[in-house]
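# Per-entry structural report
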Amino acid sequence: MPGSLPASCEATWPKDVGIIALEVYMPSQYVDQAELEEFDGVGAGKYTVGLGQSRMGFCTDREDINSLCLTVVQRLMERNGLSYDSVGRLEVGTETIIDKSKSVKTVLMQLFEESGNTDVEGVDTTNACYGGTAALFNAVNWVESSSWDGRYALVVAGDIAVYATGSARPTGGAGAVAMLVGTNAPLAFERGLRGTHMQHAYDFYKPDMVSEYPVVDGKLSIQCYLGALDRCYSVYRNKIHAQWQREGLETRFCLEDFGFMLFHSPYCKLVQKSLARLVLNDFLSHPSPNTQSGPFSGLEAFRDVKIEDTYFDRDVEKAFMKASTELFEQKTKASLLISNQNGNMYTPSVYGCLASVLAQHTPHQLAGQRIGVFSYGSGFAATLYSIRVTQDATPGSALDKMVSSLCDLKARLDSRKKISPALFADIMKIREETHHLANYVPQGSVDDLIPGTWYLTRVDEKHRRQYGRRSLNDDGPLEAGLVHSSITSEHVPSPLKKMPRIPTTTAGTEVVVISNGDH
């Protein structure tokens, strides 16, 4: 049959392709959602209970998508002692567009110049919040393909989520995640187990090229998200059932078979509703569910509902959220640490959820688990896939190193600076007025940035952007766990290169300048 997989293929594929290392970057300041409720004049609990959000990270005009990605890539490379010539593919997923032609990936290539490595495939991938997942799939597929040259792939997902004043603003956030992809990974992708749904809809989109703000149809967006979840879960279950049957197993797959279940998180309450929806899917697809005891107890009244009629059915939602309470606590709640404390990061959102799970469990608690991942991007594109965690949880193992690198995640979140809602509104106004402005020097403070953070120094008259990096040894505490680079601190521009050597131990704030264009 055309398109079918020869049985001999699997034996020749690289083993356990997946995520080897993971790094997260979040802005150094946040606004408290309870204070924002009062400032906005809405009812207490509208953002904190209704949306399930506690804090929202945000960027001043000192940070843009290029600087976020520069920071998270260099941090991942430094903390894992990696050389830039070990990377053969670099791919960026983002919907934060500051240039209609030039990719963020090309800006990141300046970090590679010191190594002399320019043989690096990949560019940017864009489709709302799904771009990071598409980039990750591209990286995994490259490692498994005849194009692979044995080097790592590096995937970066980053965004700045900002909204105009109004009800959508508290669902913003910002950040970036970098993931190193290769073989023998502690987080291996399960081959053939992806359920995807793609469809056309105008639920959330950004047609105005001079504004950061999207156009949002909130009700339609929720319907698209939940509808995509239903379809992806159905396809995934069919694929895993077929796989199990080939192995001689007749077991039915259900939500219990995931050790953890992660979701793209526009806001935390939608994630809780989404887990309940998977329980609804399991209930309706079960040939004879037990409604007398167990997880489906007392749900017999909903046996004949049509799933497509339940997107906004409060009775169904309330019943299945109650039925899924224990499963939510076990499989999903821990994943919402970053989402609750930092907000929606768009493309990195679901990978921030993955980092949150890794940060709050020991290697032994994670070993051997199947992690379900649902990624959604408006417009719309969605996939539900699974990752299998390695069984090797011994000290010094790849899983142990990954967990150790993220164990300070809560401390990082707690160390950020709280900004008043009034100042936050002023900063958002500055971003609004200066977005895509040429011949501009940013006004935001550099002193509050975390050491090692890249930031925008100026935009020249031709819209070319220049960046500096805050030194790692600035006065004040270093971020926990950050490893100093072994790169020389000498700052000598070379006439043969567009970028000077990258110092990381020179005192001071603007330690080096790089750009996104020739000068």
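In every chain, residue numbers begin from 1 and rise along the written sequence. Selection of residues for local features in this predicted model requires a pLDDT of at least 70, selection of side-chain atom pairs for listing and counting requires 80 or more, and totals for whole chains, interfaces and linings are taken over all residues. Note: side-chain values were computed over all heavy atoms of the structure, leaving out hydrogens and water.

Whenever Lys or Arg places a side-chain nitrogen within 4 Å of a carboxyl oxygen from Asp or Glu, that contact is recorded as a salt bridge. Applying the stated criterion to the full structure yields 25 salt bridges. D149 is the partner of R151 in a salt bridge, and the nearest nitrogen-oxygen pair spans 2.9 Å. We note a salt bridge from K410 to D414, for which the minimum N-O separation is 3.1 Å. Residue K410 and its partner D414 are both found in helix α13 (residues 409–414); the two are separated by four residues, about one turn of the helix. Secondary structure elements follow DSSP: runs of H or I no shorter than four residues count as helices, runs of E no shorter than two count as strands, and numbering proceeds from the N terminus.

Here is the rule: rings of Phe, Tyr and Trp (six-membered ring for Trp) pair when centre to centre is within 6.5 Å. Planes less than 30 degrees apart are stacked, more than 60 are edge-to-face, and the remainder are tilted. Summed over the entire model, instances satisfying the criterion amount to 19 aromatic pairs. Here Y236 and F258 contribute two aromatic rings whose centre-to-centre distance is 5.6 Å and whose plane-to-plane angle is 40°, an arrangement assigned as tilted. Here Y236 is found in helix α5 (residues 218–246), whereas its partner F258 is found in the loop between α5 and β11 (260–263), with 22 residues between them in sequence. Each member of the pair, Y236 as well as F258, is classed as buried. Any Lys NZ or Arg CZ that is within 6 Å of a ring centre and within 35 degrees of that ring's normal is treated as a charge sitting over the ring. The aromatic ring of F312 is capped on one face by K219, whose charged end is 5.0 Å from the ring centroid. The aromatic ring of F283 is capped on one face by R303, whose charged end is 5.5 Å from the ring centroid. Three exposure classes are used, based on accessible area relative to the maximum for each residue type with a 1.4 Å probe and protein chains only: buried under 20%, partly exposed in between, and exposed over 50%.

Turning to helix α4 (residues 131–143), a few remarks are in order. One less than the residue count of a helix, multiplied by 1.5 Å, gives the span that helix is expected to have. Its 13 residues give α4 an end-to-end C-alpha distance of 19 Å, which sits within 8% of 18 Å, the value for a rise of 1.5 Å per residue. Of the positions making up α4, those classed as buried are G131, G132, T133, A134, A135, L136, F137, A139, V140, W142 and V143.

Our next topic: unusual backbone geometry. In this chain, G379 is followed by F380 through a cis amide linkage whose omega measures -5°. With respect to the helices, strands and loops of the structure, F380 is situated in the loop between β12 (370–377) and β13 (381–389). For Y346, which is not glycine, the phi torsion reads 65° and is therefore positive. The residue Y346 is located in the loop between α9 (337–342) and α10 (349–359) in this model. Not every positive phi belongs to a glycine, and H436 is a case in point at roughly 65°. Take H436: it is sitting in the loop between α14 (421–434) and β15 (454–459).

Let us look at helix α7 (residues 314–323). Among the residues of α7, those classed as buried are V316, A319, F320 and M321. Contacts are assigned to residue pairs that have any heavy atoms within 4.5 Å of one another. Close packing links the buried residues of α7 with α6 (268–285) and α8 (325–331). Where α7 starts, the residue carrying a side-chain oxygen 3.0 Å from the main-chain nitrogen of D315 turns out to be D313. Polar contacts, as counted here, are pairs of nitrogen or oxygen atoms within 3.5 Å of one another; within protein the pair requires one atom able to donate a hydrogen and one able to accept it, and residues that are adjacent in sequence qualify only if both atoms are side-chain atoms.

Right, let's get into the state of the cysteines. By convention in this document, the label disulfide applies to cysteine sulfur atom pairs within 2.5 Å. In the structure shown here, the tally under the stated rule is zero disulfides. Of the cysteine sulfurs around C353, a residue in no disulfide, the closest is that of C268, at 7.7 Å.

To continue, consider the packing of helix α1 (residues 33–40) against α14. Between α1 and α14, the shortest axis-to-axis distance is 9 Å and the interhelical angle comes to 80°. When the axes of α1 and α14 are compared, the pair comes out roughly perpendicular. Across the interface between the two elements, E35, L36 and F39 of α1 pack against P421, A422, F424 and A425 of α14. Think of it as three bins: nonpolar holds Ala, Val, Leu, Ile, Met, Phe, Trp, Tyr, Cys and Pro, charged holds Asp, Glu, Lys and Arg, and polar takes everything else, Gly as well. Among the residues forming the contact of α1 with α14, the class breakdown is six nonpolar, no polar and one charged. For every element, the axis is a line fit to its C-alpha atoms; helices are fit only across the contacting stretch, and the angle between N-to-C directions ranges from 0 to 180 degrees. Comment on the angle field: the value is read as roughly parallel under 35 degrees, roughly antiparallel over 145, roughly perpendicular from 65 to 115, and oblique elsewhere.

Grouping buried Ala, Val, Leu, Ile, Met, Phe, Trp, Tyr and Cys residues that are joined through side-chain atoms within 4.5 Å yields what is termed a nonpolar core. F320 and F374 are the most contacted members of the largest nonpolar core, which totals 140 residues. With 10 residues, α5 is the largest single contributor of residues to this core. In this structure F320 touches A276, V279, L280, F283, L299 and F302, once residues within four positions along its chain are discounted. Core analysis: the second largest hydrophobic core is formed by five residues, C129, A161, Y163 and Y346 among them.

Let's shift gears to the environment of N127. Checked against the element boundaries, N127 lands in the loop between β5 (124–125) and α4. Considering only alpha carbons, one finds N127 and G377, 250 residues apart in sequence, at a separation of 6.2 Å.

Further remarks concern the sheet that holds strand β2 (residues 29–32). One bridge is not enough; two strands pair if DSSP finds at least two bridges between them. Across the sheet, which stays open at both edges, the three strands sit in the order β3-β2-β14 with mixed pairing between neighbours. At either margin of the open sheet sits one strand with a lone partner, and together these are β3 (55–57) and β14 (417–419). Strand-to-strand, the axes of this sheet are offset by a mean angle of 40°, without reference to chain direction. Strand direction decides the pairing type here: β2 and β3, joined by three bridges, are antiparallel. Bridged to Y30 within β3 is G57. Each of β2, β3 and β14 is contacted by α1, which is oriented at about 60° to β2, the strand it contacts most.

So, about the sheet that holds strand β6 (residues 152–161). Spatially, the nine strands line up as an open sheet ordered β5-β4-β6-β7-β1-β8-β13-β12-β11, and their pairing is mixed. Both edges of this open sheet fall to β5 and β11, since each of them pairs with a single strand only. Sheet analysis places strand β8 (residues 187–198) next to β13, joined by eight bridges and oriented antiparallel. Pairing of L187 across the sheet is with V389, part of β13. Taken strand by strand, helix α12 (residues 398–406) contacts β1 (18–25), β8 and β13, and its axis lies near 10° from that of β1.

Our focus in this paragraph is the confidence of the model for the protein. Here the protein shows a mean pLDDT of 89. Residues at 70 or above account for 89%. Note on scores: pLDDT gives the predictor's confidence for each residue, bounded by 0 and 100. Scored below 50 in pLDDT, residues 1–5 makes one contact in the model with residues more than four places away or belonging to other chains. A low-confidence stretch, residues 475–513 stays under pLDDT 50, and its non-local contacts, those more than four residues away or across chains, total 93 contacts.

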